[in-house]
Amino acid sequence: MTDHRDDDAGREGALIEVRELAKHFSVRRRIDDDADRSVDTVGRAPRRRLFSPRRRATVRAVDGISFRIAAGEVVGYLGPNGAGKSTTLKMLTGLLVPTSGDVTVAGRVPWRERRRHVATIGAVFGQRTSLWWDLPVIESFDLLRYIYRIPPERYRANLNMFRDLLELDAFLQTPVRSLSLGQRMRADFAAAMLHDPAVLFLDEPTIGLDVVAKERVRRFIRHVNAERGTTVLLTTHDLADVQRLCDRVLIIDGGRLLYDGDLPELQRRFGGRRELVVDLAEDIGADGGVDDGRLAFPGADIVARDGPRITYAFDREGVSAADLIAQLTRRLRVVDLALKEPDIEATVRRIYEERLLDG
Amino acid sequence: MATQRRGADDAATPPVGAGEFVRHNAGLLVRLVHAQVRSQTQFRMSFTMDVVTSFLVFAFEFGALAALFVRFHTLGGWTLGQVAFMGGLTAMSFKTMDMLFSGFDPADFGDGVRKGTFDAILLRPAPLTIQVLGSRFVFHRLGAIAEGLAVFALANWLVDVRWTAAKLAFLPVVFIGQMAFFAALFIAGSTVTFWTVDSIEAVNILTYGGHELNQYPAHIYPLPLRRFFTYVVPTLFLCYYPALYLLDKPDPTGMPPWARFVGPAIGLACFALANALWGVGIRHYRSTGT
């Protein structure tokens, strides 16, 4: 199964190729100005649905997305809730058939050749398990070995490695239903990688995990990427995942791709401002007192003001922090200072909230 | 742009020879069913309770039936033994089907489609039908099957069935035909849940209602009901008419003589039809949104 990786990637140039991908859902909407119908819908749903006239609305969950991912990349797929992340992932794994557009993964169209496609990918959907609920973990693994036709020596080698990396030994004989969330996720990761997939699709792989468990999972992802060249596409709301794992991020919102590039570039474009929080000894400018210009600095804007606490924002390129601090302390009696570097989390949040990437 | 379609799942060329393909998937089915049995027998106490309970339920039902006959002696001209003969026969085949095709039980299958457990099946490189069959196996139906067998044996003791070689050969055919028919209802019902889960109750009426219906001599039912279960959903061909033949009873419904023998063929035809529908369902299935 490992052999798919090399020849397919070589021929195609990209392991995952997505062109103008779109998925529109037709949903029933309650129409508020149509009072009769809305009462009807509430009162007699859902059995009437088949026969009653429907008000249909189209939701463009994914609306024309294109990207290419080369073999060996680790790509973060980010966006606010409802942006279309899971829908995209479901199309790439072959669970959903798109409305239009093309996808090839290792040269195959996921929903056309389901069995061959899923034999070459691994998937972990954080919310649910792919293991047999009432069986000990090791028996689920054994079933997967049979299903994927994993050669015995390969299976043994992988299992041994994952037992080490994910510290599975403590619960290999435990039924899945009795595992903690962290243990279950580790078992699911091992299950997804037993057959040496070329691509690993992860939907919220660290959701609900504690710090230690998150770190263990991230270490595992980095390891399989480095050692086996496994390509990884992951959605997450935890930006630490992105910072620790991803060479590249795709940001989508409203079903459209807004950004495709690396993190530092994103930071430079949208998160470039550092902040200096200054605590003054006196409350200048409050109570009608005169703001005599001592607070103004070219290139640094006051973005927040709370009594004697003033927050400046400034660009790294325009103003040096040392300069700003020197001037401030010369002009004013400063009690305390704090310099805040822009973090990726704030940057991405700002992008979502202010729709910085729109249009 | 052309509408995207899913490929025909199980028609995809296997990466191995055909013989090996069949062997592998038969082995897979055995393993999956074994996993289900192991899962259920892990809770030994609750498993035993389940088997005992389902046996008891059936025993009480039979007791109630027998009590009726103490009062009324016959039902539509049939004795207790003759009704029990039909009841036992239909129970055996229906409950066996209910066990073997648990994975296609529309209520559970529809649940899986809605909750996304069917997605886990789509993510594994094995035929969907095998996986669905192996996704659930209600082992404790053995209790009900044993009860059906007991009722059938009891009936044979109560009634002097004039067994001939032809009848003995026909009996397993009736058994299989009825299984195929109800399995067809299960499969068709599950397929429908790809589009809507609202019609599960309607399918359940046909399945469980049809099974109940098949336990009693059909001529006691009102004509419209009989017509529906003869011409729309041909349930009555599966057990009632074959039972007329096996018990040498006259046909008060006035059907031609061949009506007693077409049941199994109808069952198998419905099974084939349901499988075709299942194939269409798989190709058009588009998973749930989130």
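Everything quoted here is computed from the prediction, not taken from an experiment. (Residues numbered from 1 in each chain as written. Chains lettered and ligands numbered in written order. Predicted model: local features only at pLDDT ≥ 70, side-chain atom pairs only at ≥ 80, totals over all residues.)

Q: Quick question: what am I supposed to make of the overall build of chain A here?
A: If you tally the helices and strands in chain A, you get twelve helices and 13 strands. By residue count, 36% of the 359 residues in chain A fall in the buried class. Put simply, 75% of the contacts in chain A that link residues at least 6 apart link residues at least 24 apart. (Helix = DSSP H or I, 4+ residues; strand = E, 2+ residues; numbered from the N terminus. Buried ≥ 20, exposed ≤ 12 C-beta atoms within 10 Å, placed from the backbone. Contact = placed C-beta atoms within 7 Å.)

Q: For this particular structure, what's the right way to read the sheet that holds strand S8 (residues 248–253) of chain A?
A: In any sheet, the strands associate via hydrogen bonds between backbone groups, in a parallel or an antiparallel arrangement. Residue and element names in this part refer to chain A. Taken together, the six strands give an open sheet; going across it, the order is S5-S6-S7-S3-S8-S9, and neighbouring strands pair in mixed fashion. What marks the edges here is a single partner per strand, and that holds for strand S5 (121–125) and strand S9 (256–261). The average undirected angle you get between the axes of adjacent strands in this sheet is 15°. Alignment of S5 against strand S6 (residues 199–203), held across five bridges, turns out to be parallel. Across the sheet, the residue bridging to Val-124 is Leu-202, located in S6. (Pairing = 2+ DSSP bridges. Axes fitted to C-alpha atoms, helices over the stretch in contact; angles between N-to-C directions.)

Q: Mind showing me how you'd approach the confidence of the model for chain A here?
A: Close inspection of predicted coordinates is inappropriate for parts of the model with low pLDDT. Residues and elements named next belong to chain A. Averaged over chain A, the pLDDT score is 83; the fraction of residues at 70 or greater is 84%. Note that residues 1–12 has pLDDT below 50 and, in this model, 19 contacts with residues that lie over four places away or in other chains. Confidence over residues 31–49 falls short of pLDDT 50; this stretch has ten contacts with residues more than four positions distant or in other chains. (pLDDT = per-residue confidence, 0-100.)

Q: Even after reading the chapter, I still don't get the sheet that holds strand S11 (residues 300–306) of chain A, so can you show me in this structure?
A: Residue and element names in this part refer to chain A. In space, the four strands of this open sheet follow the order S11-S12-S10-S13, with antiparallel pairing throughout. Looking along the sheet, the strands with just one partner apiece sit at the ends: S11 and strand S13 (334–340). In this sheet, neighbouring strand axes are inclined to one another by 20° on average, regardless of whether the strands run parallel or antiparallel. Where strand S10 (residues 273–280) meets strand S12 (residues 309–315), seven bridges bridge the pair, whose relative direction is antiparallel. Paired with Val-278 across the strands is Ile-310, a residue of S12.

Q: What's the story with helix H11 (residues 236–246) of chain B in this structure? I'm lost.
A: Working note: α-helix, 3.6 residues per turn, so residues spaced by three or four point in the same direction. All names here are of chain B. Counting buried positions over the eleven residues of H11 gives ten, a clear majority of the element. Burial in H11 covers these residues: Leu-236, Phe-237, Leu-238, Cys-239, Tyr-240, Tyr-241, Pro-242, Ala-243, Leu-244 and Leu-246. Taken together, the buried residues of H11 touch helix H3 (80–100), helix H8 (165–192), helix H10 (223–232) and helix H12 (263–284). Of the residues flanking the end of H11, it is Asp-248, one or two places downstream, whose phi is positive at about 55°.

Q: Would you mind going over the pairing of S10(A) with me for this structure?
A: The side chains of a regular strand alternate between both faces of the sheet. Bridge count for S10(A) against S13(A) is six bridges, and the pairing is antiparallel. When the bridges of S13(A) are listed, Leu280(A) appears paired with Val334(A).

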